[in-house]
Amino acid sequence: MKKIVLILFILFSGIEVLACSCETPKKALEFYSSDYVFEALAIEKSIKLDSSNYDVRFRIIEQYKGLKKLKYITFNFSYQKEGERDSCYWEIDENEKWLIYSRRRNGELTFSSMCSNSRTLKKPLDKEYQFFLKNGNNFDPLKYTFSSLDDSFKLSKPKKDIDSIISDLIKNKKYATKRVDVIIDIDENGNLIAANLWPKKFSERLGEKIIDTIYGLNKTPNIKYRDPENQAEKDLLNIIRNLKKWDKVYIPNTETSVNIRQYLQFYIKQDTIKLYY
């Protein structure tokens, strides 16, 4: 999933504190976007003379993805000295075993333990995770409809100017309703394939959560139909259903477009309607 790092600077009693947090992508999506995935042992580490970075040489134990069969690989990382390290800093030591999801950046293979499924392996992977890794190359993203349950996908927006369409609508209408919620499905080519009103019960809005046992992704059920209960719901749903073309949505760090489910919220206040994606 898209890398998200939140850095908070807090001054308290003259001490500057650095906090770091991030979101780990779904393992199937990171596997798909990676160039190489493997288990490896760090066998050699060398810090540069200026202490700005260091190299780690790995011996490949088992490779799950990659065009070339690797025996050894070396990665370069930035280095922070003792006493200068912030909470976002991580470091590899010799004799550590790692599960690595690596992709090319600026022509070089690299990886990070931040916002990634790459991590040290203090014990063997369980059978379920091993099964996933051995079947990772069979993952077909077009068999899924993704949503906010799966990863931080970029938002899809209609090709037409929806704000001007809404503006024309509101000129001649006065609505008592304050909010309208719409749920839409868009295919990998940016075509609108379904649009309906959200269920009234909040617990039903995201649909039943059915987790794929191999890839750990939510298998999105069909959208449940609900009849409009007022004029605002009827008009705004009709507008969305007539917006046939939307932006394509891609798996982060790839050129693969996917089916996507999105949730739209219309807030109505006097003579304005504000849309939130």
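Everything below is about the structure printed above this text.
Below is a summary of the structure that appears in this document. Predicted model, so just to flag it, every value in this text is computed and none were measured. (Residues numbered from 1 in each chain as written. Predicted model: local features only at pLDDT ≥ 70, side-chain atom pairs only at ≥ 80, totals over all residues. Heavy atoms only, no water.)

### Considerations on the pattern of salt bridges
Applying the stated criterion across every chain, the model contains 11 salt bridges. K45 is the salt-bridge partner of D93, the closest N and O atoms lying 3.1 Å from each other. Note that D93 is positioned in the loop between strand 5 (72–78) and strand 6 (97–105) and K45 in strand 3 (residues 36–47), a separation of 48 residues in sequence. We classify D93 as partly exposed; its relative accessible area is 39%. A salt bridge links E233 to R226, with the shortest nitrogen-to-oxygen separation between them at 3.1 Å. Overall, the relative accessible area of 13% leaves R226 in the buried class. A single network of salt bridges, built from pairs that share partners, joins K45, E91 and D93. (Salt bridge = Lys/Arg side-chain N within 4 Å of Asp/Glu carboxyl O. Helix = DSSP H or I, 4+ residues; strand = E, 2+ residues; numbered from the N terminus. Buried < 20%, exposed > 50% of the residue type's maximum accessible area, 1.4 Å probe, protein only.)

### Notes on the packing of aromatic side chains
By the definition in use, this model includes 21 aromatic pairs. Seen from their ring centres, F77 and F111 are 5.3 Å apart, and the 85 degrees between their planes marks the pair as edge-to-face. Taken together, the residues F77 in strand 5 and F111 in the loop between strand 7 (108–110) and strand 8 (119–120) connect sequence positions 34 residues apart. Of the two residues, F77 and F111, neither departs from the other in class, the shared state being buried. Grouped by ring-pair contacts, the aromatic residues F31, Y32, Y129, F132, F139, Y144, F146, F153 and Y215 constitute a single cluster. (Phe/Tyr/Trp six-rings, centres within 6.5 Å; stacked < 30°, edge-to-face > 60°.)

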